[in-house]
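Listed here are the chains, written in short residue letters.
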Amino acid sequence: MSAQTRAAGKGSPRVSADGWLAGARRLPSPNCDDRPPGESVSLLVIHGISMPPGTFGGPGIDALFCNTLDPGEHPAFAEVAALRVSAHLLIRRDGRVTQYVPFERRAWHAGVSRFDGRERCNDFSIGIELEGTDTRAYTQRQYRRLARVIAAIRQRYPAIVPQRIVGHSDIAPGRKTDPGPSFDWQRLRALIA
């Protein structure tokens with residue numbers, strides 16, 4: 001049995017044929033579309049997000065991804081309320097998972113981006129948001145849940161090898177910094193090895 005199979009073993013989620021993660025809360029976002037014809041999923045991008053910045057547990061992230069963010073609720077919301085963005089998944093500080101876009105569809109998470117000589121990373125990637133900031137450590141529950149989710153995703157999309165699991169800052173350097181220096185890549189690599 002491979003390490004990947006063990007990691008996705010008992011109690012780990014599975015990905016359905018239409019791209020939904022079993023056990024995740026579903027909150028469909030309108031901010032997605034079809035991938036280009038013939039495009040296969042081969043990249044996983046890890047992001048960090050908090051809404052409002054530095055605040056955890058509230059409804060801001062859901063509202064942002066579902067276009068219901070009230071710009072008058074917080075000064076930071078006024079800057080982003082008109083954006084049309086999403087991610088495939090969010091992993092909260094306590095490990096809870098929400099899925100906004102099925103993996104078979106293109107979420108609008110990467111923006112202007114480039115990986116391995118290819119632009120438009122949204123076309124061939126899955127975006128996972130971790131509730132956090134660039135400077136505050138992510139939680140043990142988030143790392144454990146992220147590792148289980150990655151194992152499930154890799155069973156469905158085997159082209160996502162460890163070298164193709166990157167941060168937003170890796171595909172949009174100079175424009176994005178997340179998941180930031182507080183993200184422990186060594187820890188994640190050990191969990192998914």
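Our structure's up above, just so we're on the same page.
Before going into details, it helps to say that this report is about the structure given with it. (Residues numbered from 1 in each chain as written. Predicted model: local features only at pLDDT ≥ 70, side-chain atom pairs only at ≥ 80, totals over all residues. Heavy atoms only, no water.)

### Side note on the packing of aromatic side chains
- Inspection of the entire model under this criterion finds five aromatic pairs.
- Here the aromatic residues Tyr 138, Tyr 143, Phe 183 and Trp 185 are joined through ring pairs into a cluster of three or more.
- Its guanidinium or amino end placed over the ring of Phe 56, Arg 93 lies 4.4 Å from that ring's centre, counting from NZ or CZ.
- In this structure, Arg 118 packs its charged tip against the face of Phe 124, placed 4.0 Å from the ring centre. (Phe/Tyr/Trp six-rings, centres within 6.5 Å; stacked < 30°, edge-to-face > 60°. Lys NZ or Arg CZ within 6 Å of the ring centre and 35° of its normal.)

### Thoughts on the layout of surface pockets
- Estimated volume of the largest pocket: approximately 910 Å³.
- If you go around the largest pocket, you meet 36 residues; those closest to its centre are Leu 83, Val 85, His 109, His 168 and Lys 176.
- Put simply, the parts of the chain that give the lining of the largest pocket at least two residues each are strand S3 (43-49), helix H2 (60-65) and helix H3 (75-80). (1 Å grid on protein atoms, 1.4 Å probe; cavity = no way out; pocket = protein on both sides within 12 Å on 5 of 7 lines; lining within 4 Å. Points joined across faces, edges and corners; volume = space filled by probe spheres on them. Helix = DSSP H or I, 4+ residues; strand = E, 2+ residues; numbered from the N terminus.)

### Side note on the pattern of salt bridges
- One pass over the full model with this rule turns up 12 salt bridges.
- The closest approach of N and O atoms between Arg 106 and Asp 123, which form a salt bridge, is 2.5 Å. Residue Arg 106 is found in strand S6 (residues 105-107), and its partner Asp 123 is found in the loop between strand S8 (118-119) and strand S9 (125-131); the two are separated by 17 residues along the sequence.
- Notably, a salt bridge pairs Glu 119 with Arg 114, separated by 3.0 Å at the nearest N-O pair.
- Take Glu 119: its relative accessible area is 52%, and that puts it in the exposed class. (Salt bridge = Lys/Arg side-chain N within 4 Å of Asp/Glu carboxyl O. Buried < 20%, exposed > 50% of the residue type's maximum accessible area, 1.4 Å probe, protein only.)

### Describing the pairing of S3
- In terms of burial, S3 is largely enclosed, as seven of its seven residues are buried.
- Judged from the seven bridges that link them, S3 and S9 form a sheet pairing that is parallel. Note that in S9 the partner of Ile 46 across the bridge is Ile 128.
- Examined bridge by bridge, S3 and strand S10 (residues 165-167) share three bridges and lie parallel to one another. Across the sheet, the residue bridging to Ile 46 is Gly 167, located in S10. (Pairing = 2+ DSSP bridges.)

### Observations concerning the side chain of Gln 99
- In this fold, Gln 99 is placed in strand S5 (residues 97-99).
- Looking at Gln 99, its side chain comes within polar contact range of the main-chain oxygen of Val 101, at 3.0 Å.
- Excluding residues that lie within four positions of it along the chain, Gln 99 makes contacts with Gly 19, Trp 20, Leu 21, Ala 24, Arg 25, Arg 26, Leu 27, Pro 28, His 88 and Leu 89. (Polar contact = N/O pair within 3.5 Å; in protein donor to acceptor, adjacent residues only side chain to side chain. Contact = heavy atoms within 4.5 Å.)

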